[in-house]
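The primary structure of each chain is shown beneath.
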Amino acid sequence: MSTLSSDKKIIIAIDGFSSSGKSTIAKALAREIGYRYVDTGAMYRAVTLYAMEHGMIASDGTVDTGRLTAALPEIKIGFEINADGTQHTMLDGTDVEDRIRRLDVSSNVSAVSAIAEVRAALVAMQQAYGAEKGIVMDGRDIGTTVFPHAEMKIFMNASAETRAQRRLQELIGKGQQVTFEEVLANVVRRDHLDQTRKESPLRRADDAIDLDNSRMTKDEQNAWLLARYRETIEKLS
Ligand code: DC
């Protein structure tokens, strides 16, 4: 374990808009301080993939809420660490890490994550993950709903164009054929749906610290986050 870890274990909630780079800095911080990292977006994506594979999403994007709600207790979501140290999302025993990042899942995930029963099931799992603290969790409602008493809360943002450009590079790097316009449209649409849905809309927690990383390198962001962590631990001890 890193020398930067402290005996005092806390919960670190990192929320923000889609593709704002939450998972990159959340993962790096967790590695640095020896915490567990949980990507809650991956959990909503895995449920979405399950619904798609079981014919629960019509071609117009309508979700069969009744069937999906009934299936929720059967859906097994987990995370596995590969030999190279990367974390992979598992759905019913299958590694779906790459599959859940594709644009078709991104297009359906807002509708699935708006369903109250889906949120209740996943929030309960997330709270169980955090029961022993020592966790970095990223998502949309971590600092407001999942862990309203988290010791450290970050709210991330960057312009929609910056976020779409980043997501485009990521998808192209994975060999997917998408255009900037398609990715930007998906980012803008998800921003709107995430902020306007009835259940746990994306909202900055009043006690969150803001991070706009539009003009920051990854190293600058990591250093900034580590400094906030150290301050938080100091204040608590
Ligand atoms: O972070 P991401 O883009 O992988 O998240 C995928 C979707 O899941 C996002 O459009 C909104 C939803 N989500 C959510 O509603 N609550 C969370 N805590 C995390 C993600």
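Note that the structure is a prediction, hence the values are computed from the model and not measured. (Residues numbered from 1 in each chain as written. Predicted model: local features only at pLDDT ≥ 70, side-chain atom pairs only at ≥ 80, totals over all residues. Heavy atoms only, no water.)

Draft legend 1. Representation of the pairing of strand β3 (residues 77-81). With five bridges connecting them, β3 and strand β4 (residues 87-91) associate as antiparallel partners. Counted as the bridge partner of Ile 77 is Leu 91 from β4. Where β3 folds back onto β4 in an antiparallel hairpin, the turn is made up of five residues, including Gly 85, whose phi is positive at roughly 90°. (Pairing = 2+ DSSP bridges. Helix = DSSP H or I, 4+ residues; strand = E, 2+ residues; numbered from the N terminus.)

Draft legend 2. The sheet that holds strand β5 (residues 94-95), seen in detail. The three strands are arranged β3-β4-β5 in an open sheet whose pairing can be described as antiparallel. Both edges of this open sheet fall to β3 and β5, since each of them pairs with a single strand only. Here β4 pairs with β5 via two bridges, running antiparallel. Following the sheet pairing, Met 90 is matched in β5 by Asp 95. Lying on the sheet, helix α2 (residues 40-53) is in contact with β3 and β4; it crosses β4 at an angle near 35°. (Contact = heavy atoms within 4.5 Å. Axes fitted to C-alpha atoms, helices over the stretch in contact; angles between N-to-C directions.)

Draft legend 3. Focus on α2. If you check α2, its first and last C-alpha atoms are 20 Å apart, about what 14 residues at 1.5 Å a residue would give, namely 20 Å. Of all 14 residues in α2, 11 are buried; the element is thus mostly enclosed. The complete set of buried residues in α2 reads Thr 40, Ala 42, Met 43, Tyr 44, Arg 45, Ala 46, Val 47, Thr 48, Leu 49, Tyr 50 and Ala 51. Here α2 starts with a cap whose side-chain oxygen sits 3.1 Å from the backbone nitrogen of Gly 41, and that cap is Asp 39. Positive backbone phi, approximately 65°, marks Gly 55, located one or two places after α2. (Expected span 1.5 Å × (residues − 1). Buried < 20%, exposed > 50% of the residue type's maximum accessible area, 1.4 Å probe, protein only. Polar contact = N/O pair within 3.5 Å; in protein donor to acceptor, adjacent residues only side chain to side chain.)

Draft legend 4. A look at the environment of Ile 142. Turning to its location among the elements, Ile 142 is positioned in helix α6 (residues 142-146). Of the residues examined, Ile 142 reaches a relative accessible area of 0% and is grouped as buried. Note: C-alpha distance between Ile 142 and Lys 153 (11 residues apart in sequence) is 8.5 Å. Apart from residues lying up to four places away in sequence, Ile 142 is in contact with Ala 13, Asp 15, Thr 40, Gln 126, Met 137, Phe 147 and Pro 148.

Draft legend 5. Highlighting the packing of helix α7 (residues 160-173) against helix α8 (residues 180-196). In the contact formed by α7 and α8, the axes pass within 9 Å of each other and the chain directions differ by 125°. When the axis of α7 is compared with that of α8, the two are oblique. In this structure, α7 meets α8 at a crossing whose hand is right-handed. On the side of α7, the interface is formed by Ala 160, Glu 161, Arg 163, Ala 164, Gln 165, Arg 167, Leu 168 and Leu 171, while α8 contributes Phe 180, Val 183, Leu 184, Val 187, Val 188, Arg 190 and Asp 191. (Parallel < 35°, antiparallel > 145°, perpendicular 65-115°, else oblique. Left-handed = near helix turned anticlockwise from the far one by under 90°.)

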